[in-house]
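# Architecture at a glance
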Amino acid sequence: TAILKERMEQARKRGYKTGINILTTIGHHNENLENSLKGNYTCMTNIDGAVCNGSFCPNDENIRNYVRTIYTLATQANPDYIWIDDDVRFGHMPIGNGCFCDNCLSIFEKETGTKYTRESLKKVLNEGQIEEKLKVRKAWLQHNRNTISYLFELIEKTVHEINPVMPLGFMTGDRFIEGYDFDNWAKILAGPNHVPVMWRPGGGFYND
């Protein structure tokens, strides 16, 4: 970030605005693992218990500390804006949709008043009467909306405590299992000072 700060200052002298895109807030796929984050972190977990070693649960407190650190360093480099990349999602290769780790199931229990294992949740999401399946599926969508909201609240607070007018942006895409809570997430990223929030599509290809 010290090097980025110097480079961005040079770009501004030439009349450009310049920012930082944080590629890995919670991580992507099982790729480049030798250079990926390692430590006492909860990996993104699917409903069958399989994990993605290159992405992590955003409800994990150690990951939240990591997120706080990287956004602090990025803000201190004084960019004109910060982008949150589209790794903030619950579909990561090779496991597909997450996160169904034990901590997420515990949070879901507090939200719904019902205790589930991964096996029992999978059963109720996929078997039985449509009304019952929809009830639990809608509750899980809300749980995922809440998880991203909780993450964005951390990012907004971290950045705006250092620079209250720093614009944030989110690279989004299809967000089916995440609940498409775009309006609320944008309000969160704007913060109490209603800083402009940028938005750009992701999840496709650069020649689309």
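Residues numbered from 1 in each chain as written. Predicted model: local features only at pLDDT ≥ 70, side-chain atom pairs only at ≥ 80, totals over all residues. Heavy atoms only, no water.

### Topic: the sheet that holds strand S7 (residues 168–172)
Put simply, the test is: Two strands pair if DSSP finds at least two bridges between them. Numbering of helices and strands runs from the N terminus; a helix is a DSSP stretch of H or I covering at least four residues, while a strand is a stretch of E covering at least two. To obtain an axis, a line is fitted to C-alpha atoms, over the contacting stretch when the element is a helix, and the angle between two such axes runs from 0 to 180 degrees between their N-to-C directions.
An order of S1-S4-S7-S8 is seen for the four strands of this open sheet, with the pairing classed as parallel. Two strands in the sheet have a free side with no partner beyond their single neighbour: strand S1 (20–22) and strand S8 (197–201). With strand direction ignored, the average angle separating the axes of adjacent strands in the sheet is 25°. Of the pairings in the sheet, the one linking S7 to S8 comprises five bridges and is parallel in character. Across the sheet, the residue bridging to Leu168 is Val197, located in S8.

### Here's the deal with the pattern of salt bridges
To keep it simple, the criterion reads: A pairing counts as a salt bridge when a side-chain nitrogen of Lys or Arg comes within 4 Å of a carboxyl oxygen of Asp or Glu. Partly exposed residues are those whose accessible area sits between 20% and 50% of the maximum for their type, while under 20% is buried and over 50% is exposed, using a 1.4 Å probe and protein chains only.
Under the counting rule described, the total for this entry stands at 10 salt bridges. One salt bridge connects Arg12 with Asp80, and the closest N-O pair in it is separated by 3.1 Å. One end of the pair, Arg12, is in helix H1 (residues 2–13); the other, Asp80, is in the loop between helix H2 (61–76) and strand S4 (82–84), and 68 residues separate them in sequence. In this structure Asp80 comes out as partly exposed when scored by relative accessible area, which is 24%. Note that Arg64 is salt-bridged to Glu61, the shortest N-O span being 3.8 Å. With Arg64 and Glu61 both in helix H2, this residue pair falls three residues apart, about one helical turn. Take Arg64: its relative accessible area is 6%, and that puts it in the buried class. A residue is classified by how much of its surface remains accessible, and Glu61, at 45% relative accessible area, is partly exposed.

### Describing the environment of Pro196
Stated precisely, the cut-off is as follows: Pairs of residues are marked as contacts when any of their non-hydrogen atoms sit within 4.5 Å.
With respect to the secondary-structure elements, Pro196 resides in the loop between helix H6 (182–190) and S8. Judged by its relative accessible area of 60%, Pro196 falls in the exposed class. Taking the C-alpha atoms as reference points, Pro196 and Pro167, separated by 29 residues in sequence, lie 5.7 Å from one another. Each residue touching Pro196, except ones within four places of it in the same chain, is listed here: Pro167 and Leu168.

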